Amino acid sequence: MQDEETREKLIAQYFNWDAQIEHTKLIKEELNQFQIQAALEAFGYLRKELGENFPRETYESSHHLKHYFANRAPWTRAWFVWLADGLREIKSEVLIKKLKSNTPGDCEEAITILEVALKCARSNFSVELEAESLNDNVKKKKPDLTITNHTTKEHVLVEITRLTKDSNSKRFDELHSYLFFTAAGKNIDLRFAGRIYRMLSESHYLAIRKEIEVKLTQCLESKSFYKVSHEGIIELGFAPSANSNLFDEWIKLKGFDANVMIFPQESVLKRLSAKIIHKSQQLSSQVPSVLVIRSTDFWMDEKDFESVVNGLEETIYRCPQILAVVIITSEMGPLEKKIISNKFSFFVTKTERHAYSTKSLLIFNRFNEARISLNSLINLYNAFETVTE
């Protein structure tokens, strides 16, 4: 556990609005003066909307936004600008309440709702959050979004959910946080990268975690490159950014990206299918419904397109109340705009905003029972293919 002195030092350095503002003023690279000014205005707006003590509360409660305050890289300043601009455009007390909530999943849900709402609002739809619903299904009276085509006046219900993590994924998230915050507590900018190749039992994970703790302590004390390597199980390297030459050579040799951990993917399609079937039971049989699934577990690439679509299509076809399913993953760093299509399915990679990119899989259900115009279908496609946030 962190001692009180270290804790208060971290809070003073990262988890208050004034510290964020003063650090932003000192940024010399990646952001121009207009972007810096936008970030300062965003912090002022968020301070008012979220509250004076909100940064500290994120630290004390391990809130989802804790990592955005702790990481003061330029891309996080741009992210706060996006958040403030989005809240100004999609005015909603529901979103503010969910953003501030300490209930696990609420903040992530609010961010995803805001992302999808912005895409729809910029694709010829009006957007209403948790409106009195047109849903005739007694199991779910209020969808997350009700969107209305400005041209045709057609309504579409949008249900937004997350693919929840299993126990292994939660362990891997905790490992990622441990590496970052242990180094941050010693004022060291740590670079790390690696891959865990298979799902681990709890006892095996704890044994490897203990080894990582020992090696990380040695790394931070000597300020040099260390690694943990067991063939077919784990490869993990870390080094202070001030002395990372050996680390840079190692990740180049291994084909890893700096500050990215790759974790094993097992039975994700099975979990996605179960999520689609479960959510479909809450959707209207009369009004077209779109199911958006935000996933941090699901890492899909171009080469996976056919196998993933094949694995999900029949599940979607068994749910005639679903008009379309959208699965969204995100990552840091720019991505080249690419579109892969196959009849009723589309895979889109693109950069949304500063250092933030998404991969979206959009599958239309050709057996959907609700009638909808081609204009609305095109608008829905454009929301996830063309529109950036």
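Predicted model only: the values in this text are computed from it and were never measured.

How do you make sense of the sheet that holds strand S8 (residues 289–295) when you look at a structure like this?
What links the strands of a sheet is backbone hydrogen bonding, and the strands pair in either a parallel or an antiparallel sense. The strand order across the open sheet built from eight strands is S1-S2-S3-S8-S9-S12-S11-S10, with neighbouring strands paired in mixed fashion. In this open sheet, the two edge strands, each paired with only one partner strand, are strand S1 (125–129) and strand S10 (338–342). Pairwise comparison of adjacent strand axes, ignoring direction, gives a mean angle of 20° for this sheet. Of the strand pairs in this sheet, strand S9 (residues 322–332) and strand S12 (residues 356–364) are connected by nine bridges, and their pairing is antiparallel. Considered in S12, the bridge of Ala324 is made with Phe364. The strands touched by helix H12 (residues 268–280) within the sheet are strand S3 (155–163), S8 and S9, with S3 carrying the most contacts at an inclination of about 140°.

Please explain the environment of Gly194 as it appears in this structure.
Tracing the chain through its elements places Gly194 in strand S4 (residues 190–196). Note: C-alpha distance between Gly194 and Phe238 (44 residues apart in sequence) is 8.8 Å. Dropping the residues within four chain positions of it, Gly194 is found in contact with Glu235, Leu236, Phe256, Val260, Met261 and Ile262.

Mind showing me how you'd approach the nonpolar core here?
Where a protein is soluble and globular, its nonpolar side chains tend to be buried together. Leu46, Leu87, Leu145 and Val292 are the most contacted members of the largest nonpolar core, which totals 65 residues. Discounting residues that sit within four places of it in the chain, Leu145 has contacts with Ile113, Val116, Ala117, Val127, Glu128, Leu129, Val156, Leu157, Val158 and Ile160. In this structure, Ile188, Ile196, Leu200 and Met261 belong to the second largest nonpolar core, which totals 23 residues.

I would appreciate a short explanation of helix H3 (residues 33–50) in the present structure.
Three or four residues apart is the spacing at which side chains of an α-helix point the same way, because the helix has 3.6 residues per turn. For H3, built from 18 residues, the straight-helix expectation of 26 Å at 1.5 Å per residue is met to within 8% by its first-to-last C-alpha distance of 25 Å. Every buried residue of H3 is accounted for by Ile36, Ala39, Leu40, Ala42, Phe43, Tyr45, Leu46 and Leu50. Where H3 is buried, its residues touch helix H2 (17–25), helix H4 (54–60), helix H6 (74–89) and helix H7 (93–100). The distance from a side-chain oxygen at the start of H3 to the backbone nitrogen of Phe34 is 3.0 Å, and the residue carrying that oxygen is Asn32. Two residues or fewer after H3 comes Gly51, characterised by a positive phi angle close to 110°.

Even after reading the chapter, I still don't get the packing of H2 against H3, so can you show me in this structure?
Axes are the key here: two packed helices are described by the angle between their axes and the distance separating the axes. Packing of H2 against H3 brings their axes to within 9 Å, and their N-to-C directions diverge by 175°. Judged by the inter-axis angle, H2 sits roughly antiparallel to H3. Within the contact between the two elements, H2 uses Trp17, Asp18, Gln20, Ile21, Thr24 and Lys25 and H3 uses Ile36, Ala39, Leu40, Phe43, Leu46 and Arg47. When grouped by side-chain class, the residues that make up the contact of H2 with H3 number seven nonpolar, two polar and three charged.

So what exactly am I meant to see when it comes to the side chain of Ser280 here?
For Ser280, the position within the fold is in helix H12. Since its relative accessible area comes to 4%, Ser280 is described here as buried. If we skip the residues at most four places from it in the chain, Ser280 touches Cys319, Gln321 and Ile322.

Honestly, the environment of His230 in this entry has me stumped. Any pointers?
Topologically, His230 is positioned in strand S5 (residues 226–230). Expressed as a C-alpha distance, the spacing of His230 and Ile196, which sit 34 residues apart in the sequence, is 9.6 Å.

Here is what the cut-offs are and how they apply
- Along every chain, residues carry numbers that run from 1 in the direction the sequence is written.
- Only residues with pLDDT of at least 70 are given local features in this predicted model, and only at 80 or more are side-chain atom pairs given and counted; all residues enter the totals for whole chains, interfaces and linings.
- Side-chain measures here rest on the full set of heavy atoms in the structure, leaving out hydrogens and waters.
- Here, strands pair whenever DSSP counts at least two bridges between them.
- Helix and strand assignments follow DSSP, with helices taken as H or I runs no shorter than four residues and strands as E runs no shorter than two, numbered in order from the N terminus.
- Interaxial angles span 0 to 180 degrees and are taken between N-to-C directions of axes, which are lines fitted to C-alpha atoms, for helices over the stretch in contact.
- Should any heavy atoms of two residues lie within 4.5 Å, those residues are counted as being in contact.
- We define a nonpolar core as any set of buried Ala, Val, Leu, Ile, Met, Phe, Trp, Tyr and Cys residues linked to one another through side-chain atoms lying within 4.5 Å.
- Summary of the burial criterion: residues with accessible area below 20% of their type's maximum are buried, those above 50% are exposed, and those between are partly exposed, where the area comes from a 1.4 Å probe applied to protein chains only.
- One fewer than the residue count of a helix, multiplied by 1.5 Å, yields its expected span.
- We call two N or O atoms a polar contact when they sit within 3.5 Å, provided that within protein one can donate a hydrogen and the other can accept it, with sequence-adjacent residues counted only if both atoms are side-chain atoms.
- Should an angle lie under 35 degrees it is considered roughly parallel, over 145 roughly antiparallel, and from 65 to 115 roughly perpendicular; all remaining angles are considered oblique.
- Note on residue classes: Ala, Val, Leu, Ile, Met, Phe, Trp, Tyr, Cys and Pro are nonpolar, Asp, Glu, Lys and Arg are charged, and everything else, Gly too, is polar.

Fair warning: the whole summary comes from geometry, so function is off the table for now.
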